Amino acid sequence: MLIYETDIASSYEAVDEIVPILLDAIKSKFMFMSDRYMFNINFMLREILNNAVEHGNHFDPEKRVHCRIDYKVPVLAFIIKDEGEGINLENIPTEAHHPRELLRVRNRGHQTIRDMDFDIRIVGTEVKILLNLNQGERLWKNNY
Amino acid sequence: MEEQLLGSCMRLILIDGLTANNISKFNTKVEALMESDMQFTEVVLDLVNIRNIDSMGVTFVIGLYKKMENQGKAFSVSGASDDIVSLFKLMKLDQFFEMNL
């Protein structure tokens with residue numbers, strides 16, 4: 001089931017404008033969705049869309065970021081595609097081992113999204129984020 | 001961002017979302033504050049109005065904390081929602097500065 005599909009300009013302002021619309025579309029289909037789920041989806045969408053705008057399209061006004069949200073029981077899928085050259089997975093840091101490393105300037109978004117129990121799959125310029133709604137919020141909250 | 005100087009405590013109250021589209025103007029405001037004549041020994045970042053946050057917003061908070069630490073000033077966050085407090089705990093950032101309700 002298609003929840004929403006659109007494309008946006010390559011700017012942070014465009015991301016800030018579209019995210020509330022995407023959240024409303026999700027909430028209208030999944031009224032049971034808790035505030036914590038919605039907060040995490042809000043954070044995740046901003047992270048992936050900002051990355052597409054900045055690292056994918058390099059803020060190029062000629063390039064667009066495509067965003068599609070699908071639901072196939074029990075998984076909510078967010079598919080974000082930019083017009084860049086793709087992501088090198090080896091360049092994305094995961095766990096920080098030294099406490100001060102937690103204060104690094106950037107590169108904490110993907111790890112945080114994984115910690116929120118989203119499944120991230122990257123193929124070329126397409127990032128697919130999966131959220132299994134059957135996993136239960138109890139498990140999710142245990143991670144906090 | 002609004003500034004309130006109460007004694008030696010500078011309270012920075014965020015009005016707009018702690019999101020990528022606002023970070024540049026927040027940084028400009030902080031730079032201006034640092035260069036001003038105002039005297040303070042403590043900075044409190046008030047997030048009571050904030051519902052939206054992204055990793056660049058988190059980076060802004062960390063940057064502000066580091067600036068204050070380098071200048072020997074105390075730093076804390078206040079008024080954050082349960083969700084934002086949970087996010088900072090998830091990122092293990094609560095060990096560096098206080099987060100008060």
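Keep in mind that this is a model prediction, so the values were computed, not measured.

The rules behind these values
- Every chain is numbered independently, its residues counted from 1 as its sequence is written.
- Working convention: letters from A go to chains and numbers from 1 go to ligands, in the order in which they are written.
- With the structure being a predicted model, the display of local features is reserved for residues of pLDDT at least 70 and the display and counting of side-chain atom pairs for 80 or more, all residues being used for whole-chain, interface and lining totals.
- Numbering of helices and strands runs from the N terminus, with a helix taken as a DSSP run of H or I at least four residues long and a strand as a DSSP run of E at least two residues long.
- Note on burial: count the other C-beta atoms lying within 10 Å of the residue's C-beta; 20 or more is buried, 12 or fewer is exposed, in between is partly exposed, and C-beta positions come from the backbone.
- The span you would expect from a helix comes to 1.5 Å times its residue count less one.
- In this description, one arc is meant: the one made by directions from the helix axis to the C-beta atoms.
- Distance between backbone-placed C-beta atoms decides contact: two residues are in contact if it is within 7 Å.
- As a working rule, the residues Ala, Val, Leu, Ile, Met, Phe, Trp, Tyr, Cys and Pro are called nonpolar, Asp, Glu, Lys and Arg charged, and the rest polar, with Gly in that last group.
- Angular values range over 0 to 180 degrees, each being the angle between N-to-C directions of two axes fitted as lines to C-alpha atoms, with helices fitted over their stretch in contact.
- Reported orientations rely on four angle classes, namely roughly parallel under 35 degrees, roughly antiparallel over 145, roughly perpendicular from 65 to 115, and oblique for the rest.
- A clockwise turn of the near helix away from the far one marks a right-handed crossing, whereas an anticlockwise turn of less than a right angle marks a left-handed crossing.

> Help me out: how do you make sense of the overall build of chain A in this one?
Counting its secondary structure elements, chain A contains 4 helices and 5 strands. Counting from the amino terminus, chain A carries its helices and strands in the arrangement β-α-α-β-β-α-β-β-α. Within the span of chain A, comprising 144 residues, buried residues form 30% of the whole.

> Even after reading the chapter, I still don't get helix 1 (residues 20-35) of chain B, so can you show me in this structure?
An α-helical segment advances 3.6 residues per turn. Residues three or four places apart therefore align on the same side. Residues and elements named next belong to chain B. The end-to-end C-alpha distance of helix 1, which contains 16 residues, comes to 24 Å, matching closely the 22 Å that a straight helix rising 1.5 Å per residue would cover. Those residues of helix 1 that fall on the buried side of the exposure criterion are Ala20, Asn21, Asn22 and Phe26. Looking down the long axis of helix 1, one finds its buried residues gathered within 165° of arc, a one-sided arrangement. For helix 1, exposure combined with an orientation more than 90 degrees from the buried face picks out Ser24, Thr28, Glu31, Ala32, Met34 and Glu35.

> I'm lost on the interface of chain A and chain B in this one. Help?
Put simply, an interface is often sized by how much accessible area is lost when its parts join up. Contacts between chain A and chain B engage 22 residues on the former and 22 residues on the latter. Secondary-structure elements contributing two or more residues to the side of chain A that touches chain B are helix 1 (12-29), helix 2 (35-56) and helix 3 (109-115) of chain A. For the side of chain A that touches chain B, the leading source of residues is helix 2 of chain A, giving 8 residues. Here the side of chain A that touches chain B is built from residues that sort into 8 nonpolar, 5 polar and 9 charged.

> Looking at this structure, I do not really get the packing of helix 1 of chain B against helix 2 (residues 55-70) of chain B. What am I missing?
Angle between the axes and distance between the axes are the two parameters that describe a pair of packed helices. All names here are of chain B. Contact geometry of helix 1 with helix 2 gives a least axis separation of 9 Å together with a crossing angle of 15°. Put simply, helix 1 runs roughly parallel to helix 2. By crossing handedness, the relation of helix 1 to helix 2 is classed as right-handed. Taking contact as the criterion, the partners of Ala20, Ile23, Phe26 and Val30 in helix 1 are, on helix 2, Met56, Gly57, Phe60 and Leu64. Within the contact of helix 1 with helix 2, the residues separate by chemical class into 7 nonpolar, 1 polar and no charged.

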